[in-house]
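Listed below, chain by chain, are the residues.
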Amino acid sequence: MDSSSAGAAPPQTMDEVERLVQRLYQPGNPRVITQINDQLQRLQHSSEGWQIADALLNSQDANVRFFAALTFTVKLNNDGSMLDAETAQSVQSRLISWFVRLVSRGESALVTRKLCSTLTTYYLRSPVHWKRPLLHAALSLQSRDAASEPDPDASVNMANICKSLSMPQVVSLLWFAGTLADEVGRMENNTPAHARRHAQMEVIVEDASSLLRHAFSPVADEAGARLRAEALRCYITWVNYGQPVWPQKPDCLEYLRQLIPSAVQCLLDPELQRDALDSFRDILESYTTFFREEHMEVLASIISEHVQPVLLQALQDKDPEGLPYGQMVIAFGDANIQQVAEQPENINGSSTILKLLFDILRAPGYPGDEDELSIFSIEFWNTYIEYVNDMLFSKDADGADPPWFGYSRVVLSQLVELLWAKMSTPPADVAKQWTDAESDGFKEFRLDTTDLMLSIYVFLGKDMLQQLLVLTLRSLESRQWRAVEAGMFCLNKLADNVLEDQPSEDLLAMLFSSSLFRDVADFSQRIPLQARRTAIDLLGSYGRYIEHHAEYLPDTVRFLFASLETGPLTNAAAKSVASLCSTCRASLTGELDGFTQQYQRFLNGPTNEPYTKEKVIGAIAAIIQAIQPHSAKVQPLLALIQYVENDVQAAKDFTRAGDQEMAELMGVNALECLGSIGKGMQVPEDVPISIYDDDEPHVSKANFWDGDEGRMVQQRIIGCFSVLQVLGSSGEAIEAACQVLRSGFAETEPGPFVLPPAVTVSFLQQCAVNTPQLEAVLSTACILITQHSKSDSKRIGPDATAVCQQAASFIKQLGTPRNDPGVAASCIDVLCRLLPYYTAVLFDESSPLAPSLQTILDFSTQAIEGQDPFPKRSALDFWTRLIKPPTAPVQEQVLNRMRQVVTAYGPQLALALMRQVVGLAQRSDLDYVCEPLKALITHQPVTKAWLEAALLSDSLPPVSAAVGEREKYRFLQQIVGLRGDSRKTKEVVKEFYAACRGTVVSYGS
Amino acid sequence: MAASNPQNYELYRGTSIGIALADTLDDLISSRRIEPQLAMKIMSNFDAKIAAVLGEKVKARMSFKGHLDTYRFCDEVWTFILKDVKFKMDNAAQTEAERVKIVACQTKEKQEKHDK
């Protein structure tokens, strides 16, 4: 075994300690390294730790010296606050002494910085108040040994001391100053000791600023540049310290502000420029008010004279080195938005900035690819338009516009054109070479830009629409399809806003009467696919316009149907077909036969896919819905159902042929298409009401779907469910069938999909407890009961009973909610829906459910006790409804039975609730637990006795020792005294819960 | 975090992930595996990180439209109550809600800019 893998024996001498430290930093067996680390940690924590650290700092090995400084830090962190004044003074003296010696020996940056961190720890942890650490360290460096701490009243001049120090000594002082600001800044200000350390920084900043002023002073050699680089880093750390701590201390900040002119010179030094740009950008972005007007003027002038030429060259060369220069311009503009927007005559402060921001967008390259700056610049433009819109809305409606609004219109109009140009998609050969990240970056830029355009539209309105239309149509004339696509993309995203403005109608005619859609519909023309796809999206978005201009409609929809048969356009076309047919259904009824034929052709083509089929069949159904009278809907609707039946039959055939995968694919899609037809057949919410039709008796409308023809349609719909016989184990199929049933629930008038409740009941009855997606079926049944629980809806007592019987059967089979929490919660949800209109289903002694009542109630109390949140919450809701007085008339004997149940289960329920409150529940359950508790307290006078018995019961889980009988009684008094007050009950319960569990009452600050 | 650094908003504690974190921290405190102070610290880190992560990582978008029923601006917090709201997702899927409450707060970065 070699020495590196030998175990770590406890060291007996300093030499052994040193060797152990050296082995720690050498590669070796991880297990042995861990042992060495443990040994050394024990030494660090031992009472000899101070002496060991002191001795190791004398080592020849830099790693050992680093470890020594670390050991001092560990000792200070652990024992520093317990040192007596004399020992603390001695530790300070040793640390300063080592600092001076190591710096004078030319110590490495690693060890010196670590020692600076140790000195800072001393400042933070020592019981002796170290008033001027920087000045003390500087004096010591000057006298080449640990000097005595300067008298607070002595007029020692830091600036003079700095002049006498060497460059490495000043650098080490800058490291100390930077570490001090950084680490004190990370310390919370929540104890008197910490507050005192922060207060002392108000004095120390004077020394730091003298040091920084010296370091920034111009020395035109390499050493001077290094010093300024270190000074800049230290300076930024102090500014970051001052920002949150000194908002009310302008005097302290003044020390730092006075250094701005010196620090700004770093922006002119080619060696420091990049770091300086990042530093100043950081302050501009997060601490704008640090700069005063005169500072901003200096920055503006530097941007104009020094940043501008470099940036313009970099933009022209597509050089990524231009990034920090561009970001500086963006940050400056963002920080001075009022000046940029309102003072166009200010050359440096406004017009140069705007010009550069336009140049960024004008530069070659695609955003997300080689053009990163355009993406960043969007943030500035968002700020700009936000400011302009704020001004727009804060002025009086009839008041005059601010004088600079005209200028803003020009700027924004120019911006729109540049953004439009920048949004053009790349040629295919460029796009193919993009990585996913580049492609996503470009897409994100387009979306961010359209969001920005929405804001600009608020200000420019119709002018902007006209500008985009002109740009698009001009590009169309010259057959620049990528530019046309970019224009359509913008128009598409503006659609919702444009359509709200009536005056836009005339302008849109420019687009819709142009050759654009004829061109894209002509598949013999070579047009980029993306342009056709965006044209399709555009048609979907402007459905409301097309609805009012029926002359465009048939051509439009025919183009979309034709696009359905073009592979890459299919999905976009299907989406737009669905949107347009739904919006313009009334105008398209004359085209129904043609569309049905096109659908047939599409079905026979290669682009026929489940998604597109579902969308298009729903679109045609929407047109059928608009046909009047109802009888005229029957034949076209049956034609659509026939397509579904064909797929159902195909699914059955695949099953017979043993191809279950295809059977499932066909069968599920058949049901999804049927659901889509159901959705399309729903009466739109905004359907016009004819005042003349009111004379017509409603009965005649209602009767149609109850008549022979209507019933026949419904039978055909129900017949499609036969596919479940071969797909009973498919959750997707069950869910799709539920969607079909639900499509009729939302209707207020009879219709083909408004099926008799018995259909839903029968569907539920065919399910077993292990049927996949049983929760969806039970949830559908819940909706059925809810729909028939409205004050004006028809009651479905027998159907509700049948649903409940099935739910009770599932409950029996489950035995305990734990066996399937999802189904258990859904079953209890069904019970909840019975209250108040179907209360008799559960509580009438003659109800078929009567024998199962006890099982149901026991199951629901078990759910409260269980760990699964959903059944628990459903059960708590159920008991809350049960305890509260019914909100609808209930027969007297049913009401008596409910009261008996609550009385019988009261003690058990109170115990279950208290078990939750004292710790079994999660914090997130407490609001739900409070509901039945409040209901009991408000409506059951004996609740106090039940709760008292529960709180003193042996069945309660163990609680924190801090909660005894007295606390329980106090809780009881409080909770009962609140008489069901919602907010206070929750507070009291939460406090008691936290006390019982030994946790916090709230995580809030 | 620095001494008087502004606290992060606690808005996201009410989300399912924030609620789940609180439940987990309760369990850890009750079983004496962590001290309550650490739990508080974790929760305040959650406040900072969830806001940052949602801001940086979430790329999905949606638009919505509805009737503005009530709005107020109190203590730098905007509250909007909308009725009959239609949401349009990225993939053109649509969903509706009868009532939506939007609580919007100034980002800390901007707030600092304005305050100082």
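Residues numbered from 1 in each chain as written. Chains lettered and ligands numbered in written order. Predicted model: local features only at pLDDT ≥ 70, side-chain atom pairs only at ≥ 80, totals over all residues. Heavy atoms only, no water.

Trainee: I keep staring at the overall build of chain A and nothing clicks. Help me out?
Mentor: Within chain A, the regular secondary structure consists of 51 helices and 0 strands. In terms of overall size, chain A is more extended than a compact globule, its C-alpha atoms giving a radius of gyration of 39 Å where 1005 residues would be expected to give roughly 30 Å. Counting only C-alpha atoms, chain A reaches 110 × 85 × 75 Å along its principal axes. Here chain A holds 1005 residues, and 53% of them are scored as buried. Across chain A, every contact between residues at least 6 apart in sequence was considered, and the portion connecting residues at least 24 apart equals 72%. Accessible area of chain A: about 43,700 Å², with a carbon and sulfur share of 50%. Side chains of chain A carry 86 positive and 123 negative charges; the gap between the two charge centres is 5 Å. (Helix = DSSP H or I, 4+ residues; strand = E, 2+ residues; numbered from the N terminus. Rg over C-alpha atoms; globule rule 2.2 N^0.38 Å. Buried < 20%, exposed > 50% of the residue type's maximum accessible area, 1.4 Å probe, protein only. Contact = heavy atoms within 4.5 Å. Areas by Shrake-Rupley, 256 points an atom, 1.4 Å probe, with all protein chains shown as cover. Lys, Arg positive; Asp, Glu negative; His and termini not counted. Charge placed at Lys NZ, Arg CZ, Asp CG, Glu CD.)

Trainee: What should I look at first to understand the UniProt feature "domain: Transcription initiation factor IIA gamma subunit N-terminal" (unreviewed entry) in chain B in this one?
Mentor: What UniProt calls "domain: Transcription initiation factor IIA gamma subunit N-terminal" (unreviewed entry) maps, in this numbering, to residues 8–54 of chain B. This span, residues 8–54 of chain B, is 72% helix and 0% strand, and a straight line between its end C-alpha atoms measures 14 Å. (UniProt positions renumbered as here; feature names shortened; annotations may be inferred.)

Trainee: What is the right way to look at the nonpolar core in this model?
Mentor: Side chains of a nonpolar character, in soluble globular proteins, are inclined to be buried together. Membership of the largest hydrophobic core comes to 337 residues, with the highest contact counts inside it found for Y235(A), W238(A), W381(A) and Y384(A). With 13 residues, the top contributor of residues to this core is helix 47 (residues 892–920) of chain A. Here this core spans two domains, and each of domain 1 (132–288) and domain 2 (756–890) of chain A adds at least three residues to it. Setting aside its immediate chain neighbours within four residues, Y235(A) contacts L212(A), F216(A), L256(A), L259(A), I260(A), A263(A) and F290(A). Residues V1000(A), A39(B), F46(B) and I50(B) belong to the second largest nonpolar core, which totals 10 residues. (Core = buried A, V, L, I, M, F, W, Y, C linked by side-chain atoms within 4.5 Å. Domains from an automatic or database assignment.)

Trainee: It is not clear to me how the interface of chain A and chain B should be interpreted in this structure. Could you clarify?
Mentor: By convention, interface size is frequently given as the accessible area that disappears when the constituent parts associate. Facing 38 residues of chain A, the contacting portion of chain B comprises 33 residues. Regarding the contact of chain A and chain B, the summed buried area is about 3,000 Å², with carbon and sulfur atoms giving 43% of it. Contact with chain B buries area across many residues of chain A, yet P244(A), R997(A) and Y1003(A) alone supply 22% of it, more than any other trio. The interface formed by chain A and chain B contains 6 salt bridges. (Buried area = accessible area lost by both parts, 1.4 Å probe. Salt bridge = Lys/Arg side-chain N within 4 Å of Asp/Glu carboxyl O.)

Trainee: When you look at a negative patch on the surface in this model, what are you seeing that I'm missing?
Mentor: On the surface, a cluster of negative charge is made up of E685(A), D84(B), E96(B) and E98(B). Tracing the backbone shows E685(A) in the loop between helix 35 (660–680) and helix 36 (698–704). (Patch = residues over 30% accessible without salt bridge, like charges linked within 9 Å, V, L, I, M, F, W, Y side chains within 5 Å.)

Trainee: Sorry if this is basic, but what is going on with the pairing of strand 2 (residues 77–89) of chain B here?
Mentor: Taken residue by residue, a regular strand's side chains alternate between the two faces of the sheet. All names here are of chain B. Where strand 1 (residues 62–74) meets strand 2, 11 bridges bridge the pair, whose relative direction is antiparallel. If you follow T70 over to strand 2, its bridge partner there is I81. Hairpin remark: strand 1 followed by strand 2, antiparallel, with 2 residues in the connecting loop; positive phi at D75, about 50°. As paired elements, strand 2 and strand 3 (residues 94–105) share 11 bridges and run antiparallel to each other. Pairing of T79 across the sheet is with V103, part of strand 3. (Pairing = 2+ DSSP bridges.)

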